[in-house]
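Structural description and commentary
If you want the building blocks of each chain, they are given just below.
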Amino acid sequence: MLKIKNTFQLIIPAMEIEYYKYPLDLKRIFQQKKLQKCSLGDAISQNLQLIILSHNGEHRYNRSLGCEIWDLDFDLILSLRIWEEKLRSSLLYAIERNERTLEKVEVSVAVSEVENTFNSNQYVSIKRQVNIQVHAVLIETGEKYYFQTKLFLSPVSAQ
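Anyway, here's the lowdown on the structure attached to this text. Please read these numbers as outputs of a predicted model, since none were measured by experiment.

A tally of helices and strands in the protein chain yields four helices and six strands. Taken from N to C terminus, the helices and strands of the protein chain fall in the order β-α-β-α-α-α-β-β-β-β. Looking at the protein chain alone, contacts between residues at least 24 apart form 43% of all its contacts between residues at least 6 apart.

This is the structure in structure tokens:
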């Protein structure tokens with residue numbers, strides 16, 4: 001029996017890759033204007049924010065995009081450290097699968113309580129705040145990359 005092994009090599013000429021600011025302002029296209037561009041670092045930050053705020057399996061084109069924050073948001077927190085570790089490992093997995101411009105990715109998650117006052121100190125609300133930090137190295141340049149965001153839980157919202 002003859003076995004044929006096919007190998008393919010994709011050769012892409014060196015070219016400048018353009019990154020676009022999110023969300024895309026599509027009306028600019030109809031006005032014959034160019035879409036707004038951003039740097040590689042900004043594009044990575046936008047993608048990380050999308051990963052963090054997306055539910056697992058939410059995006060039809062990429063079911064691995066997202067993390068467990070929505071599943072963990074309303075969990076009764078029996079152990080804060082276990083909850084933080086579940087979210088950290090979920091984020092690390094999602095980032096490693098969906099952000100291929102980074103290597104040596106490290107994720108840290110810390111939960112704290114924040115007191116908010118409304119209507120001239122009449123109402124006090126205590127919410128859980130999640131501080132997420134990502135340290136990594138850009139594969140293309142070897143530069144260090146840092147990302148940080150803070151979210152409020154139940155319901156999840158950005159600061």
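Taking 1.5 Å per residue as the helical rise, helix α4 (residues 80-98) with its 19 residues ought to reach 27 Å, and the 27 Å between its terminal C-alpha atoms agrees with that figure. When we look at burial in α4, the residues that qualify are W83, E84, L87, S90, L91, L92, A94, I95 and N98.

Moving on, we get to unusual backbone geometry. The phi dihedral of Q32 is positive, around 60 degrees, even though this residue is not glycine. Positive phi, close to 50 degrees, is recorded for K104, a residue that is not glycine. By the element assignment, K104 lies in strand β3 (residues 102-118).

Attention now moves to a nonpolar patch on the surface. The grouping of Y20, L24, L26, I29 and F30 at the surface amounts to a nonpolar patch, some 540 Å² of accessible area in total. Assessed through its relative accessible area of 35%, Y20 is described here as partly exposed.

Here we come to the packing of helix α2 (residues 40-53) against α4. Relative to each other, α2 and α4 sit at 135 degrees, their axes nearing to 10 Å. Between α2 and α4, the interaxial angle falls into the category oblique. When you trace α2 past α4, the crossing you get is right-handed. Counting all contacts with α2, which are made through N47, L48, I51 and I52, the residues of α4 involved are L91, A94, I95 and N98. Residues belonging to the contact of α2 with α4 are distributed by class as follows: six nonpolar, two polar and no charged.

Across nine bridges, strand β4 (residues 123-138) lies against strand β5 (residues 144-152) in antiparallel orientation. Residue pairing in the sheet places A136 in a bridge with Y145 of β5. In sequence, β4 turns back onto β5 through a hairpin of five residues, with G142 there showing a positive phi of about 80 degrees.

Here we take up the environment of I44. If you trace the backbone, I44 turns up in helix α2. Assessed through its relative accessible area of 1%, I44 is described here as buried. Residues within four places of I44 in sequence aside, it is in contact with E99, T101, L102, L138 and Y145.

We now examine the side chain of E84. Assignment of secondary structure puts E84 in helix α4. If we ignore the near neighbours within four places in the chain, the residues touching E84 are V109, A110 and V111.

Cut-off values and rules
Residues numbered from 1 in each chain as written. Predicted model: local features only at pLDDT ≥ 70, side-chain atom pairs only at ≥ 80, totals over all residues. Heavy atoms only, no water. Helix = DSSP H or I, 4+ residues; strand = E, 2+ residues; numbered from the N terminus. Contact = heavy atoms within 4.5 Å. Expected span 1.5 Å × (residues − 1). Buried < 20%, exposed > 50% of the residue type's maximum accessible area, 1.4 Å probe, protein only. Patch = residues over 30% accessible without salt bridge, like charges linked within 9 Å, V, L, I, M, F, W, Y side chains within 5 Å. Areas by Shrake-Rupley, 256 points an atom, 1.4 Å probe, with all protein chains shown as cover. Salt bridge = Lys/Arg side-chain N within 4 Å of Asp/Glu carboxyl O. Axes fitted to C-alpha atoms, helices over the stretch in contact; angles between N-to-C directions. Parallel < 35°, antiparallel > 145°, perpendicular 65-115°, else oblique. Left-handed = near helix turned anticlockwise from the far one by under 90°. Nonpolar A, V, L, I, M, F, W, Y, C, P; charged D, E, K, R; others polar. Pairing = 2+ DSSP bridges.

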